[in-house]
Amino acid sequence: MDTALMCAGLALVFAIANVVLTLLRKNSKPVLFLSLSFGLLALCAAYDSSIGLERSLVPGSGVWLAFTVAVMILNGLSLFERRK
């Protein structure tokens, strides 16, 4: 299975779970984080597979993956906020 499709499918599953948990008034922050993260990974994987042999025109897939992981970590920091 293509990595982009797998990540997109997981993003969709977590997005639906986020909506359900929100309607049930449960804590949906972790599910929201997972949905956004898999959405980013799907976008990164789709872009990486679409450039194919023209990889020399971009900084490289390692840069895209590092950027995606950095965004995921920064967005995930909100999960660990301390409430007073």
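Analysis parameters
- Sequence order as written defines residue numbering, which begins from 1 separately in each chain.
- Restriction of local features to residues with pLDDT of at least 70 applies here, the model being predicted, together with a cutoff of 80 or more for giving and counting side-chain atom pairs; totals for whole chains, interfaces and linings are based on all residues.
- Hydrogens and water are ignored here; the side-chain numbers use all heavy atoms of the structure.
- Where helices and strands are cited, they refer to DSSP runs of H or I of at least four residues and of E of at least two residues respectively, numbered from the N terminus.
- The cut-offs for exposure are 20% and 50% of the maximum accessible area for each residue type, with area from a 1.4 Å probe on protein chains only; residues under the lower value are buried, those over the upper are exposed, and the others partly exposed.
- Contacts were defined at the residue level, with two residues in contact if any of their heavy atoms lie within 4.5 Å.
- A score from 0 to 100, pLDDT tells how confident the predictor is in each residue.

Enquirer: Got a minute to help me understand the overall build of the protein in this structure?
Expert: Helix and strand content of the protein: three helices and zero strands. The secondary structure elements of the protein, listed N-terminal to C-terminal, are α-α-α. For the protein, with 84 residues in total, the buried portion stands at 20%. For the protein, the proportion of contacts with a sequence separation of at least 24, taken over those separated by at least 6, is 59%.

Enquirer: Explain unusual backbone geometry here, please?
Expert: Note: most peptide bonds trans; most residues except glycine with negative phi. The backbone phi angle of R25 is positive, close to 60°, even though this residue is not glycine. Relative to the elements of secondary structure, R25 occurs in the loop between α1 (3–23) and α2 (29–51).

Enquirer: Would you explain the confidence of the model for the protein in this entry?
Expert: The predicted coordinates of low-pLDDT regions are not to be read in fine detail. Of all residues in the protein, 71% have pLDDT values of 70 or greater, and the mean over the chain is 75. Averaged pLDDT values for the elements of the protein fall to 71 in helix α3 (residues 61–76) and rise to 86 in α1. Note on residues 53–57: pLDDT is under 50 here. Beyond four places in sequence and across chains, it has two contacts.

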